[in-house]
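The chain contents come next:
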Amino acid sequence: MSALLTQALHIALMLALAPLLVGLVRFLKARMQGRQGPHPLQPWRNLAKLVRKRPVLAEGASWISRAAPYAGFAAALAAASLVPSFARGMAFAAMADLLLLAGLLALGRAAIVLAGHDVGTAFGGLGAAREMSFATFAEPALLLAAATFAILAGTTAIEGILAAIQEGGLGLRISLGLAALAMMAVAIAENARIPVDNPATHLELTMVHEAMILEASGRHLALWEAAAALRLTLWLALLAALFLPFGMAPPGLAPLGWLVGLGIFALKMLALALALAAFESAIAKMRVFRVPEFLGAAMLLGLLAALLLFVSTRLA
Amino acid sequence: MLTAPLLLLIALCLLSGLSLVSPAVARHVPLGVAVAGAGFALLGIVALVAPDPVVWTLPFGPPGLPVRLALDGLSAWFLMLVGLVALAAGLGAPAAAPRRMQAALPLFLAGMVMTLLAADAATLLAGFEAMSLASFILVVGGQDSTDLRLAARRYLMFAALSVACLVPALGLMAAGAGDLGFAALRRAPPEGLVAACVMALVLVGAGSKAGLWPLHVWLPPAHAAAPAHVSALMSAAMTKVAAYVLARLLLDLAGPAQPLWFGVPLLVLGIVSAVAGALRANLEEDAKRLLACSTIENLGLILAAFGLALCFRAADLSAFAAMAAGAGLLLALAHAMFKTALFLAAGAVLQAAGSRRLDALGGLIHRMPWTAALALVGVLAAAGLPPLSGFAAEWLLLQGLLGAWRVGDLAFQLLGIAALAGAGLAVALGAAAMLRLFAMVFLGRPRTPRAAGALEAPAPLRAALLLTGFVTLLVGLFPGGFLALGAPALALLVRREADAGALALAAPEQAAHYAPLLAVGLLLAAGLLVRALIRRAGAPALVRGPAWDCGFAAPPPDLPFGDPATQPSAAGLAQPLRRMLGQPLLVVTEVVTMAPPGSPAPARLEAGFADPLESLALPALATARDRLAAGLDRLRDLTLRQALMLPFGALVALLALVAWLEAR
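Regarding its fold elements, chain A presents eleven helices and one strand. Reading the secondary structure of chain A in the N-to-C direction produces α-α-β-α-α-α-α-α-α-α-α-α. The C-alpha radius of gyration computed for chain A amounts to 19 Å, which stays within 12% of the reference 20 Å derived for 316 residues, consistent with globular compactness. Expressed along its principal axes, the backbone C-alpha trace of chain A runs to roughly 65 × 45 × 40 Å. Sorting the 316 residues of chain A into buried and exposed places 61% on the buried side.

Okay, helix α16 (residues 369-382) of chain B next. Residues and elements named next belong to chain B. If you check α16, its first and last C-alpha atoms are 20 Å apart, about what 14 residues at 1.5 Å a residue would give, namely 20 Å. Of all 14 residues in α16, ten are buried, a share of seventy percent or more. The complete set of buried residues in α16 reads Thr-371, Ala-372, Leu-374, Ala-375, Val-377, Gly-378, Val-379, Leu-380, Ala-381 and Ala-382.

The assigned domain composition of chain B is domain 1 (1-198 + 212-253), domain 2 (259-519) and domain 3 (635-664). A separation of 52 Å is found between the C-alpha centroids of domain 2 of chain B and domain 3 of chain B.

Residue and element names in this part refer to chain B. With their axes 8 Å apart at the nearest point, helix α7 (residues 146-177) and helix α9 (residues 192-210) run at an angle of 150° to one another. In terms of orientation, α7 lies roughly antiparallel with respect to α9. Crossing geometry of α7 relative to α9 is assigned as left-handed. Two secondary-structure elements touch here, α7 through Phe-158, Leu-161, Ser-162, Cys-165, Leu-166, Pro-168, Ala-169, Leu-172 and Met-173 and α9 through Val-194, Cys-197, Val-198, Leu-201, Val-202, Val-204, Gly-205, Ala-206, Ser-208 and Lys-209.

Chain B puts 68 residues into the contact, and the matching count from chain A is 73 residues. For the side of chain B that touches chain A, the secondary-structure elements that each account for two or more residues are α15 (364-367), α17 (389-402), α18 (410-442), β4 (512-514), α23 (516-536), β5 (543-545) and α24 (570-585) of chain B. The greatest single-element share of the side of chain B that touches chain A, amounting to 14 residues, is contributed by α18 of chain B. When grouped by side-chain class, the residues that make up the side of chain B that touches chain A number 48 nonpolar, 14 polar and six charged. Examined bridge by bridge, strand β1 (residues 56-58) of chain A and β5 of chain B share three bridges and lie parallel to one another. Bridge pairing links Val-56 of chain A to Val-543 of chain B in β5 of chain B.

How each quantity is defined
- Residues numbered from 1 in each chain as written.
- Chains lettered and ligands numbered in written order.
- Predicted model: local features only at pLDDT ≥ 70, side-chain atom pairs only at ≥ 80, totals over all residues.
- Helix = DSSP H or I, 4+ residues; strand = E, 2+ residues; numbered from the N terminus.
- Rg over C-alpha atoms; globule rule 2.2 N^0.38 Å.
- Buried ≥ 20, exposed ≤ 12 C-beta atoms within 10 Å, placed from the backbone.
- Expected span 1.5 Å × (residues − 1).
- Domains from an automatic or database assignment.
- Axes fitted to C-alpha atoms, helices over the stretch in contact; angles between N-to-C directions.
- Parallel < 35°, antiparallel > 145°, perpendicular 65-115°, else oblique.
- Left-handed = near helix turned anticlockwise from the far one by under 90°.
- Contact = placed C-beta atoms within 7 Å.
- Nonpolar A, V, L, I, M, F, W, Y, C, P; charged D, E, K, R; others polar.
- Pairing = 2+ DSSP bridges.

Right under this line is the structure:
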């Protein structure tokens, strides 16, 4: 019962937090760059406005354009409901596995790629081709990061990893640091952030994510934006859960522990949002064909993390 | 138990013979193949549920080599798979075809089934050869062209290579056992150097049939040349029969006492094939060649799973070995179903829109809604997306690779991590290739008038697609149930059952689970929830308008489907991956030709790729063959004395070899 309650609270939190987090990162970025910036609640207001607007569907669009936003959002929400935020022991914890998470993210990617192709415009196809080629580098990097956990904690289930961490079996390891770097690079690529893609631009030649949803409008656009916001939130929550694993409420009914966990989770997300805003302000967007180097470095870091583990278990 | 498949085999041979005599029978050959396929599938399922390990010795065959048949767990699993593919392909096949093709179709199926049912080495080889020759006729059988002849000749050469390797492999195994029966072979597993030779020969022999890199060069042209239902049978069923031979010889007959290195070549070549095939699938511009390259990828993953199972078994990690072997079996079933669907859909598109070239298709989702929707199921399964069959199978394989570190050897741990990265790369590349295929064929605007006027596929073909889609969904939702069904096969492969409930997959000792039904429930709940919320917000109905396309002007009236140049082309979609990953495994070219200053001629960009094995290795092999032939030609001009000395010398050398072997 308490597991279901935690799960419901978690999903509500993710849904409420996602647009806010996007707004917060934009706000922080604007302030760091010396601009006034929109209010952090602006993404929420945008969503509310878009849902009420009449969607215009392109003449050549098929049912894919109408179904894909729902599929993309459902995949993002399903993935977000698997990543723990303020408490452990949620109802879906048994199925929360890093590989399933990767699969759900891939499903969302497939939805947006198909939608990008559906109308037959130049930019949609361009963005889709780039998105899929980035994913070919991001996915092995994510798997290698998962391998570090599979070796250290003996499992790829998020709950199992957290349990192993709380038992103190993992300790502070260089491998975890390398895996964290690899996962951050994947997170940046998956969320179309600088330096891989620029979330604020509509300059045709640099965009990947935006190019695929150029034809979407009204509630479809709202769903795509909400899905993107959920993805950013779930990645930050995943990084927080795996690499800043403290302050989470234990499984079971613990309202006070939940409140404390909520506060600590909010602090972690704020810190990650600050870090993301600072990183994005400090770095320039890279050429599309340098992205493989960026993600290739992530892959190498993941590989190195596993290698160090193999060697260290031999020395110990 | 064996009476029914034997009767079906005889009926198929009769059907083949009669179709040569009577045109009326020839018209009904596809139907007969479908019925036989359904029968084989049912028999396979029955044999999996109630295994019956009896071996039949038939009273004919060469002297001393009676034909022995058996239907054990491993045979039954692949019999079910081949039967399902034959059912779908028979439904989707056109009734009218050249008569030699109609005659070869039942023989092809009979050859595959005979390979699966064989319980001795000679019958296995006979079935394998019947399968190769019948499929050669089917590849040649279409219309005559130089491409086709090249494809058929290459196919025949590789078929000859595979039998030239399988015969000595089986000979080496039988030499130790003293009999050709599988039971005797199992009692005397090869050891040491002999085991290495057997491994290498089987890898080349069965691997070339399965399209293992670097022996895959025959596969794309042959699959592209054959008619769609034949491609489906070859790609989905025949390559699986090759995988079966490999699993039978290396996992079952070679015994569980093999060392760790025994599985490594299989694992390495499997991963390399998967990456190379998936990469090439992203660059191909012909729908059926693309699908053939994706077959190379999937067979690579299947063989890698079997190789991993061998390694785990050698390290006494039997739970992991069962998981890896189960991944191989599930991948085989999943691939058989979605690849049949995709080849049949490609055939329907060729029929309706007149082309296999991606650059001549597009927008068919409007004209062929059923085909498009059912092909989408296959595409999503092939892309390894939850909750379909591809994801469940790949989940098991990746969990197996994630557990590879449990084998204590440091070198193997490194190999396991590299294989994990390679498998991830292959899976992601495969997804990109499949989405590109669907987008080019079914989405966007029509690229030719013919594609704009396409008609929906006929009803039997849609029924076949419905069947494959249904099984794909079923395997995706109940992978644990199918693994439990395959338990007799796993018992032969790794002498143990996989850990799986009926509703979920589990990775042993890793405490990771995959429950597809829950994942589907979660996805549906999320989708319906947001739909209901949007409904409640009172969202207005849609309107249609011209595409925004960043403000591009509407095309002139003489271009009813818009300017074709503003839609991505097959080469254009391939460009990022061609530049990022193309170079080490393939030879890619991008040539920009600028018009001289002042000239109004357009600048041209020409992009392409070549498989180095095709463009470099094959010509080199052909030169070597010519040189060898020229050298052997000189034997004709020997004097009488030399001509007598040659066989005498060979005889003495052979006798010396025998004496040396005896003395050891």
